[in-house]
Every structure is written in C-alpha cells, then in structure tokens.
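One-letter residues, chain by chain:
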Amino acid sequence: VSAFRAEWSSLLATAKALSEGPLRARELAEQSLTRARRVDALLAAFVSLRGDEILAEAEDVDRRRAAGETMGPLAGVPLVLKDNILTRGHRTTAASRILEGFVPPYDATVVARLRAAGALLLGKTNLDEFAMGSSTENSAFGPSRNPWDAQRVPGGSSGGSCVAVASGVTAGALGSDTGGSIRLPASYCGTVGLKPTYGRVSRYGLIAFGSSLDQIGPITRTVEDAALLLGVIAGHDPNDSTSSAEPVPDYLAAARSDPGGLRIGVPREWLAAEGMDSEVLAAMRAAIEATARLGIEVREVSLPHARFAIPTYYIVATAEASANLARYDGVRYGLRVPADDLTGQYRATRSRGFGAEVKRRIMLGTYVLSSGYYDAYYAQASRVRTLIRRDFTDAFREVDLLMAPTAPSPAFRIGEKADDPLAMYLSDVFTTTMNLAGVPALSLPCGFSRGGLPIGCQIIGPDFAEGTIFRAARALEESFGLADRHPALA
Amino acid sequence: VKIDANEVLRIARLAYLDLTEDEIARLEAELSSILSHVEVLGSVDTKGVAETFHPLEYGGPMREDDPRPSLGAEEATRGAPGGVPGAFLVPRIIG
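Source: prediction; values computed, not measured.

What counts as what
Residues numbered from 1 in each chain as written. Chains lettered and ligands numbered in written order. Predicted model: local features only at pLDDT ≥ 70, side-chain atom pairs only at ≥ 80, totals over all residues. Heavy atoms only, no water. Helix = DSSP H or I, 4+ residues; strand = E, 2+ residues; numbered from the N terminus. Buried < 20%, exposed > 50% of the residue type's maximum accessible area, 1.4 Å probe, protein only. Contact = heavy atoms within 4.5 Å. Areas by Shrake-Rupley, 256 points an atom, 1.4 Å probe, with all protein chains shown as cover. Lys, Arg positive; Asp, Glu negative; His and termini not counted. Charge placed at Lys NZ, Arg CZ, Asp CG, Glu CD. Salt bridge = Lys/Arg side-chain N within 4 Å of Asp/Glu carboxyl O. Buried area = accessible area lost by both parts, 1.4 Å probe. Polar contact = N/O pair within 3.5 Å; in protein donor to acceptor, adjacent residues only side chain to side chain. Patch = residues over 30% accessible without salt bridge, like charges linked within 9 Å, V, L, I, M, F, W, Y side chains within 5 Å. Pairing = 2+ DSSP bridges. Axes fitted to C-alpha atoms, helices over the stretch in contact; angles between N-to-C directions. Core = buried A, V, L, I, M, F, W, Y, C linked by side-chain atoms within 4.5 Å. Phe/Tyr/Trp six-rings, centres within 6.5 Å; stacked < 30°, edge-to-face > 60°. Lys NZ or Arg CZ within 6 Å of the ring centre and 35° of its normal.

Quick word on the overall build of chain B
Turning to step 1, where the next piece is worked out: The number of helices and strands found in chain B is three helices and zero strands.
Turning to step 2, where the next piece is worked out: Ordered by position in the sequence, the α and β elements of chain B form the string α-α-α.
Turning to step 3, where the next piece is worked out: For chain B, the C-alpha atoms occupy an extent of roughly 50 × 45 × 25 Å along the three principal directions.
Turning to step 4, where the next piece is worked out: Counting across all 95 residues of chain B, residues that qualify as buried make up 29%.
Turning to step 5, where the next piece is worked out: Relative to all contacts within chain B whose residues are 6 or more apart in sequence, the contacts with residues 24 or more apart total 34%.
Turning to step 6, where the next piece is worked out: When the accessible surface of chain B is totalled, it reaches about 6,300 Å², and 54% of it is carbon and sulfur.
Turning to step 7, where the next piece is worked out: Averaging the coordinates of the 9 positive side-chain charges in chain B and doing the same for the 17 negative ones gives two points 4 Å apart.

Observations regarding the pattern of salt bridges
Residues and elements named next belong to chain A.
Turning to step 1, where the next piece is worked out: With the rule as written, the count across this model stands at 32 salt bridges over all chains.
Turning to step 2, where the next piece is worked out: Residue Arg26 pairs with Glu59 through a salt bridge whose shortest N-O separation is 2.3 Å. Here Glu59 lies in helix 3 (residues 52-66) and Arg26 lies in helix 2 (residues 25-43), a separation of 33 residues in the sequence.
Turning to step 3, where the next piece is worked out: Given the relative accessible area of 28%, Arg26 is considered partly exposed.
Turning to step 4, where the next piece is worked out: Assessed through its relative accessible area of 33%, Glu59 is described here as partly exposed.
Turning to step 5, where the next piece is worked out: Between Asp463 and Arg389 there is a salt bridge, with the nearest N and O atoms lying 2.9 Å from each other. Taken together, the residues Asp463 in the loop between strand 11 (454-460) and helix 17 (466-480) and Arg389 in helix 14 (residues 375-398) connect sequence positions 74 residues apart.

Notes on the interface of chain B and chain A
Turning to step 1, where the next piece is worked out: With 54 residues of chain B at the contact, the number on the chain A side is 73 residues.
Turning to step 2, where the next piece is worked out: For chain B, the biggest contributors to the area lost against chain A are Tyr16, Leu41 and Pro55 of chain B; these three give 13% of the whole.
Turning to step 3, where the next piece is worked out: There are five salt bridges connecting chain B and chain A.
Turning to step 4, where the next piece is worked out: A salt bridge links Glu51 of chain B to Arg383 of chain A; its shortest N-O distance comes to 3.1 Å.
Turning to step 5, where the next piece is worked out: Put simply, chain B and chain A have 21 residue pairs in polar contact (both at pLDDT 80 or more) between them.
Turning to step 6, where the next piece is worked out: Listing elements by their share of the side of chain B that touches chain A, those giving two or more residues are helix 1 (5-14) and helix 2 (21-38) of chain B.

A look at a nonpolar patch on the surface
Turning to step 1, where the next piece is worked out: There is a patch of nonpolar side chains on the surface, built from Leu369 and Tyr374 of chain A together with Phe53 of chain B and spanning about 250 Å² of accessible area.
Turning to step 2, where the next piece is worked out: Note that Tyr374 of chain A resides in the loop between helix 13 (356-369) and helix 14.

Re the environment of Val61 of chain A
All names here are of chain A.
Turning to step 1, where the next piece is worked out: Considering the arrangement of structural elements, one finds Val61 in helix 3.
Turning to step 2, where the next piece is worked out: When the C-alpha atoms of Val61 and Ala75 are compared, they prove to be 6.8 Å apart, with 14 residues separating the residues in sequence.
Turning to step 3, where the next piece is worked out: Aside from chain neighbours lying at most four places away, what touches Val61 is Ala25, Met71, Ala75, Gly76 and Leu120.

Quick notes on the sheet that holds strand 7 (residues 263-267) of chain A
All names here are of chain A.
Turning to step 1, where the next piece is worked out: On the basis of which strands lie adjacent, the open sheet formed by 11 strands has the order 1-3-2-4-6-5-10-11-9-7-8 and mixed pairing. Only two strands of the sheet have a single partner each, and these edge strands are strand 1 (46-49) and strand 8 (297-301). Along the sheet, successive strands turn relative to each other by an average axial angle of 30°, direction set aside.
Turning to step 2, where the next piece is worked out: Where helix 2 meets the sheet, its contacts fall on strand 1, strand 2 (78-82) and strand 3 (120-125), and the angle it forms with strand 1 comes to roughly 145°.

Notes on the nonpolar core
Residues and elements named next belong to chain A.
Turning to step 1, where the next piece is worked out: Core analysis: the biggest nonpolar cluster contains 174 residues, and Leu74, Leu114, Phe130, Phe392, Ile460 and Phe470 have the highest contact counts within it.
Turning to step 2, where the next piece is worked out: When residues no more than four places from it in sequence are discounted, the contact partners of Phe130 are Ala94, Ser96, Ile98, Leu99, Ile207, Phe209, Leu325, Tyr328, Phe354 and Val358.
Turning to step 3, where the next piece is worked out: Of all hydrophobic cores here, the second largest spans seven residues; its members include Val153, Leu184, Ala407 and Ala411.

Examining the side chain of Glu129 of chain A
Residue and element names in this part refer to chain A.
Turning to step 1, where the next piece is worked out: Residue placement: Glu129 occurs in the loop between strand 3 and helix 5 (159-166).
Turning to step 2, where the next piece is worked out: Of the buried charged residues, Glu129 lacks a salt bridge, with Arg97 as the closest side chain of opposite charge at 7.6 Å.
Turning to step 3, where the next piece is worked out: Among the polar contacts listed, one links the side chain of Glu129 to the side chain of Ser96, at a separation of 2.7 Å.
Turning to step 4, where the next piece is worked out: Those residues in contact with Glu129 that sit more than four places away from it in its chain are Ala94, Ala95, Ser96, Asn138, Ser139, Gly353, Phe354, Gly355 and Val358.

A look at helix 4 (residues 109-116) of chain A
Residue and element names in this part refer to chain A.
Turning to step 1, where the next piece is worked out: All buried positions along helix 4 are accounted for by Thr109, Val110, Val111 and Leu114.
Turning to step 2, where the next piece is worked out: Those residues of helix 4 hidden inside the fold are in contact with strand 2, strand 4 (172-177), strand 6 (215-220) and helix 7 (223-233).
Turning to step 3, where the next piece is worked out: Directly after helix 4, the chain includes Gly118, whose backbone phi takes a positive value near 100°.

Considerations on the side chain of Glu137 of chain A
Residue and element names in this part refer to chain A.
Turning to step 1, where the next piece is worked out: Its place among the elements puts Glu137 in the loop between strand 3 and helix 5.
Turning to step 2, where the next piece is worked out: Here Glu137 sits buried without a salt bridge, and the closest side chain of opposite charge, Arg145, lies 8.8 Å off (N-O distance).
Turning to step 3, where the next piece is worked out: At 2.7 Å, the side chain of Glu137 and the side chain of Ser135 are in polar contact.
Turning to step 4, where the next piece is worked out: Discounting chain neighbours no more than four positions away, the residues touching Glu137 are Asp128, Pro143, Val153, Phe412, Ile414, Gly415, Ala418 and Met424.

Remarks on the packing of aromatic side chains
Turning to step 1, where the next piece is worked out: Summed over the entire model, instances satisfying the criterion amount to 19 aromatic pairs over all chains.
Turning to step 2, where the next piece is worked out: An angle of 75° between the planes, with centres 5.3 Å apart, marks the rings of Tyr346 of chain A and Tyr16 of chain B as edge-to-face. Placement of Tyr346 of chain A in helix 12 (residues 342-353) and of Tyr16 of chain B in the loop between helix 1 and helix 2 is noted, with the two residues assigned to different chains.
Turning to step 3, where the next piece is worked out: A relative accessible area of 32% places Tyr16 of chain B in the partly exposed class.
Turning to step 4, where the next piece is worked out: Aromatic ring contacts, followed pair by pair, group Phe102, Phe130, Tyr328, Tyr333 and Phe354 of chain A into a single cluster.
Turning to step 5, where the next piece is worked out: A cation sits over an aromatic face here: Lys417 of chain A above Phe412 of chain A, 4.5 Å from the ring centre.
Turning to step 6, where the next piece is worked out: Positioned over the ring face of Phe448 of chain A is Arg485 of chain A, at 3.6 Å from the centre of the ring.

Shown next as structure tokens:
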C-alpha cells in the first residue's frame, strides 16, 4: 500500500500517481469510498454510491495497466456526478419522487466521454429537485450541508457535487448550471466551478430543466483540473443539435499561459448592487487589486440591462421548465399513481411526484405561456434577453473578460430562505445573466468571511473563450493562495 | 399583480396538477409576489428588439439523415411502470 493520500490531491496529480505509480486504482477507490461514506453521514452529499461496482472496475483498471494496455487520461480516477445526469444501469433521480425506480437505459454523452477517458463513477450527488433551487434544500432526499459550517446550505442546485469536491471525496465532479447551479454552490463551498458557453458541452442525457439555458460543467478544487475535465467533456455531439462544432482547444495549455496583457472589465452595476454583503464587496475589491498586480488591465464597464436578469430568468426558465416537465405523466418512467382515466392518472402522478418548488415553477411557467399572458411575459422577457446579450457583446468590444461576485453573500443558514421563494431567487442575481446571454463563467474562491465561509468571484468571457477564462483564473488562484485551505470534517 | 384562487385553479388545470386548499392559498400569495417582481420588465423599451429564444446565433450543425441503431422497444420501455415489455401501459381510453 502506497502512502498516497487522495483527499486533497488534484485530479492531475492523482492521474499521474496512477499512471506512473505507486498508486493503484483499487486503493484509491477504497480511500474515496471510505471518505464518501463519512462525508455522506455528516453532510448528506450523495443520493447513491457505487461500492462493490467501483472496486471491481478499479481492479480491472489495475489489471489492464499491469498488462501494458494504453489507458485513458483519467484511468482509475473516481468522479461523482450530479444526479440529473443519466448513467446507464445506475438509478438517476433528479432528487424527485416522480423518478422513483427509474434506471436509465443509456449514458449521457458526458458520461460516455468520462468512461472513455477511463474515469470511474463513485456516486451520484444530491441536488435541488430537477435542479430547481439555490440551496440543495429542495431535494426529496433531504438537504445537503455545507462542509465549512454544517448549519449552512452548500448552495444549489449542484450542492452535493460541490460538497463532495470541497470535502475531499473526489478531485472532480460534474454539475449542471441553468441559472447559477454550478457557480453558486462552488462559491459557497470554496471550489472552482465552470458554466461553459451554451453549446460547448452536449446536453444529451442531462435531465432537461431550461433547455436554452442548461449547461453541464466541471467542479474541481483547482483551475487546471477544471480545464482538464472540460477538455474531456466538451465538443460536438450528433445527439445534441445545440452542441457546437467549434473546435476544442488545449484548455490546460491555455490555463498555463501568462495572463499579462489581458483586459478585464468590472461591471459597475454589480459593485453597487443592493443587498450586497460588505465582506463580499471587500473580497471583490481585493480580487480586483490582485488582478491589476498580475499585469492585467482592469477597467470599469457597464451592463445596463443586468438588473433585469432575475425577472427575465424566472420567466424564461419557468416557461421552459413547464414544457420540459410535461413529460412526467406516470406513463413512461418512474412513479405512477393509478386513476380511473388517463388525465386523472396524469394529475395524480404529478401532484404526488413533484415537490413544492417544482410545482411553483411549473405553475409560474404555465401562467406566463398561457393565452392572454404570453406576450406581456414570455415574449417581453425574450426581448429583454436580447438586450442582456447585447450588453455583453458591447462590453467584450472593450475588454477580454469580466469579473464579478458570484453571490451577494456567503452561504446562508439551512431554512433561512425556505419560506420565501423570492428571497431564494435573488441569490442568483449575479449568475443568471450569463445563462441568458449564453456566455461562459467560472467561479473561483477569492476570500473568506470573518466567520470562515468561502467567498467566490466570477471570471466571465465571450462565447467559447473558456481558455482565456482559465488563463486569468489560474494566475488569480495562485495569487489568492487559497487552494490549500480545506474544511475540517467534524 | 394579484393572482386569486380561481386563477391558480385555471393554471393548475393547464398544468395537470391537483392542489390542496393549503397549496392553493400558498400559491395565490407566492405567484402574486413573484409576478409583481417581474412586472418591471414591462417598463423596458423593447420596440424593434427581436426576441432571443436561444443563445446560439449560428444554426447548430446538421447531420446527415442516415438511419442509426437506437434502443430497442423493450429496452426503451423497461423503466415504464406497468411492466409490459415493449409497451407503455395506460388506462383504457376508449370505452
């Protein structure tokens, strides 16, 4: 047995220790599984774990490597996936009762790509039901907890994935981001999280929420690891007509290049935002100063329509969700509540299967699309969306990247916003904008509150500029010096 | 914006949801509050602005329309409640 300690090792270092020795995949899988069980008992990060399966797969990796086979870049590396990403033969729940008993007959494209790279699936992580939420409290399996303070939320909706990475279960995870669902929990848990450009990563096999907004992305502890994972999952997929044919560059090389000469804009509207926590503002100001010290030019820019992002988002996202969730009718998969006739069965199944937040969003989305209201709500929001996207086009004429807070405050307490949906929605005030525009954004730990809670900042780029984002983010990560700060598990 | 119980019930019918009295009362208040918050969009001047329904400005690449293998009927229906291989089971529709 080697002395390799997996929990705080990067994805890159872990893959190297596996390919060059002395680490064996079986030993790593055991370590990860043990830690996953401990973290799950404390913080409820998982919906399901693969025990004997991953150990057998790890042994197979060791055997094939010993036989001299050519192995993928992630051969034997355990990863976890948000439980709205389909895994063939392994149950996928979207944290909803309505998918009770559902076992997908196929893998999402991202899963197929990770498997082809040799990665092993350790488990599926908790989320807000159908990815609808900002706290991972809206799960049929109960809330996950923040590794820095178990009385607080991890953020959502990809909360379980961020908890697993932040608490050293795995070095990498996938989440999905429709309005901030990767970046917000990354900020609350102190991890790196990227929402790629819309179309950069295939959505085939991602359980749909808002189809013009959803993107799958990596959650890691380092910027380089995010670059590595994105390189594995990105690229065109014939099974997703909205996936882009844009070539996938070498993101790792981009992350390692010098950021000098870049120009970063700070949207003035976001530093003056109402309700912004003073410690977040202080961390942002310090981050801006650190950026300037790296030889990056910082200037103020304007996103005049950004203040309309939350209302626009909660119309567009709920409209799309109400249409996407029409498929859960008790006929094709998951839960069925029998009734005398077909529509009765639809109603009984949906009423029992969906949780409160999902019902609320289906109701809102149905309303804004309904006859007589469509133009005032959905069509008008879609026109404002054009103006929001145009703001980014204008800003990126002056600068290469933008920088902004990820969330207006550090992690809040469990239950604090549970009875006030609007207050919960406002947690996404700095993140939904990029989903509406389609542009990529990465959240990076940039400070800690006096109470010891992580604070994240976002680096935002134009379409398909993930490489430029990594380039700035890696240099900033080094200057912040926070990558080695980890939560102590109680 | 004020959403009353009748309006909640109209939307619930469209969405195939049965709501309890408690849910109706809660949704009246919550939908009213959320819709009041989004009302600000009405004040944005969007004259001559086209809608964005999708962030992609380019058309997604099209593939050749060649037949490809897919899941068989039995595998595709395996997860369906009711347990009839190769079929979805529904309540009787025609008397």
